[in-house]
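Fold and contact review
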Amino acid sequence: MTDLDVANEIVSTLRSWVDDEVIPHASEFELPDEYPTQMALQMASFGLFGATISADYGGLELDNITYARVIEELSRGWMSLAGIINSHLICAKLISRFGSEEQCQRWLPAMATGELRGCFSLSEPDSGSDAGALRCRAERDGNEWIINGTKMWVTNGEKAGVVALLARVPDSEGADSGGITCFIVEKTPGQQSGGITVSRKIDKLGYRGVETVEMSYVDHRLPNDQLLGGDAGIGNGLRWALAALELGRINVAARGVGVSQAAYDAALAYAKQREAFGRPISQHQAIAFKLAEMATKLEAARLLTYEAARKADAGERVDLAAGMAKLFASETASELALDAMRIHGGNGFSTDYPVERYYRDAPLMIIGEGTSEIQKLVISRALLAED
């Protein structure tokens, strides 16, 4: 567990940076969809690319509650910043939990500093929630693997130096029924590396400033030592990926809390200074009640997220808690962003105020790391499995 004084100092330092450097400048990068290079470098200097990586490999080794608080603060300023490290840390989680010691030593120290960026690549054009339907193939050729397929929605795909790639290994007869397997694919950051091409950058409603790309693999060769966990990992990729995504769901829940906090803060401040019918609109019952509902939902989302993080820290099974937190916090972010826009009236529809960004960013959290419908499936299965 992270020492509480240390955790509070990290969060306090981050909060000041967000207030001073992120909030005043986020729109300068977000609206033109420009990557915030200097902000990413500053996050690296804080050690955030190694937030959950073991201290044995140079990481901060934060517990999950502290990590959730960090993501909440980043998202309060600009949600895209949390995305820059989420995909990276899911990749690191897969390596640290399921990789060999040689693989951990090979990649994690550079990932902890941010010198080496990672990304996570599961989704495909015809495979999203139905992850088991993926078609990307990895065929063994002596001591190498040949990768062919197309991947979608890859955050950090262009800037990454390692990709946690899920691909199907054909069975002994060459059929596609073979097991889904995880590879840690080394690449040169950029649009082209060997048989890997960043085939297009996906233009998005929100979650801008961080690249989300389509990646194509055409006869891309990689050595056998990039097979996660060695031959024992063949067929275990999907199970391992879903386990790592539990960290991702806590991250997305914390993002929801951060965006909800930003929306509530903006709505409260605006309601106090905007006047209608001779008094601040916060003194009109319709607005006051709306603020009360927003504050209550925000606090409930935060508590669910911290409870999921606490269970993860305690080594308890966390699929139910993480599913609940992700479901509620992401839906709350969407609701509060719309409520904040309504309180702002016409100004909320303008890029002069940040609430329109919250409104555009919120849907990503409902979809990413498992849609709300998938979370309900996870939750209901866990509930029905209880004695």
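In the block above lies the structure referred to throughout.
Notes on the structure in this doc start here. As the structure is a prediction and not an experimental result, all values here were calculated from the model.

Turning next to the overall build of the protein chain. In terms of helices and strands, the protein chain carries 11 helices and 10 strands. Against the globule reference of 21 Å for 387 residues, the protein chain gives a C-alpha radius of gyration of 21 Å, in line with a compact fold. For the C-alpha atoms alone, the extent of the protein chain along its principal axes is close to 80 × 50 × 40 Å. Look at the contacts in the protein chain between residues 6 or more apart in sequence, and 74% of them connect residues 24 or more apart. Approximately 16,400 Å² of the protein chain is accessible, and the part contributed by carbon and sulfur atoms is 51%.

To continue, consider the nonpolar core. Burial of nonpolar side chains together is a common tendency in soluble globular proteins. With 96 residues, the main nonpolar core has L74 and M111 as its most contacted residues. For M111, the contacting residues outside a window of four places in its chain are F49, G50, I53, H88, C91, A92, I95, L116, G118 and V162. C136, I147, V163 and L227 belong to the second largest nonpolar core, which has 20 residues in total.

The next point concerns helix 6 (residues 101–113). The terminal C-alpha atoms of helix 6 lie 19 Å apart, and with 13 residues this matches the ideal 18 Å at 1.5 Å per residue to within 8%. Along its length, helix 6 reaches its greatest deviation from straightness, about 35°, at W107, and the proline P109 lies no more than four positions downstream. Looking at helix 6, one finds that the buried residues are Q103, C104, W107, L108, M111 and A112. On its buried face, helix 6 is in contact with helix 5 (79–98), strand 1 (118–121), strand 4 (162–168) and strand 5 (180–186).

Right, let's talk about helix 11 (residues 372–385) for a bit. Here helix 11 is 14 residues long and its end C-alpha atoms lie 20 Å apart, about the 20 Å a rise of 1.5 Å per residue gives. All of the buried residues in helix 11 are S372, Q375, I379 and A382. The buried residues of helix 11 occupy an angular sector of 90° when projected down its axis, which confines them to one face. Exposed side chains of helix 11 directed beyond 90 degrees from the buried face belong to E373, R381, L384 and A385. On the buried face of helix 11, the contacting elements are helix 7 (237–273), helix 9 (319–344) and helix 10 (355–367).

Helix 9 packs onto helix 8 (residues 285–313) with a crossing angle of 155° between their chain directions and a minimal axis gap of 9 Å. The orientation of helix 8 relative to helix 9 falls into the category roughly antiparallel. Judged by the twist between their axes, the crossing of helix 8 over helix 9 is left-handed. Of the residues in helix 9, those in contact with I287, K290, L291, M294, K297, L298, A300, A301, L304, T305, A308 and K311 of helix 8 are A321, A322, M324, A325, F328, A329, T332, E335, L336, D339, A340 and I343. Taken together, the residues of the contact of helix 8 with helix 9 break down into 17 nonpolar, two polar and five charged.

Right, let's get into the state of the cysteines. Counted by the stated rule, this structure contains zero disulfides. As a non-bridged cysteine, C104 has C91 as the owner of its nearest cysteine sulfur, 11 Å distant. With a relative accessible area of 3%, C104 lands in the buried category. Of all cysteine sulfurs in the structure, the one in C91 sits closest to C182, which takes part in no disulfide; the separation is 7.5 Å. Taking the relative accessible area as the measure of exposure, C182 reaches 1% and is therefore buried.

Phi at E61 is positive, roughly 55°, even though this residue is not glycine. According to the relative accessible area criterion, E61 is partly exposed, its value standing at 44%. Of note, the phi angle at E369 is positive, near 60°, even though the residue is not glycine. Here E369 lies in the loop between helix 10 and helix 11.

Take the side chain of Q103 next. Note that Q103 resides in helix 6. Given a relative accessible area of 3%, Q103 falls into the buried group. Those residues in contact with Q103, other than ones at most four positions away along the chain, are I95, L108, D225, Q226, L227, L228 and G229.

About the cut-offs
Residues numbered from 1 in each chain as written. Predicted model: local features only at pLDDT ≥ 70, side-chain atom pairs only at ≥ 80, totals over all residues. Heavy atoms only, no water. Helix = DSSP H or I, 4+ residues; strand = E, 2+ residues; numbered from the N terminus. Rg over C-alpha atoms; globule rule 2.2 N^0.38 Å. Contact = heavy atoms within 4.5 Å. Areas by Shrake-Rupley, 256 points an atom, 1.4 Å probe, with all protein chains shown as cover. Core = buried A, V, L, I, M, F, W, Y, C linked by side-chain atoms within 4.5 Å. Buried < 20%, exposed > 50% of the residue type's maximum accessible area, 1.4 Å probe, protein only. Expected span 1.5 Å × (residues − 1). Bend = angle between axes of the 7 residues up to and from the residue. Arc of directions from axis to C-beta. Axes fitted to C-alpha atoms, helices over the stretch in contact; angles between N-to-C directions. Parallel < 35°, antiparallel > 145°, perpendicular 65-115°, else oblique. Left-handed = near helix turned anticlockwise from the far one by under 90°. Nonpolar A, V, L, I, M, F, W, Y, C, P; charged D, E, K, R; others polar. Disulfide = S-S within 2.5 Å.

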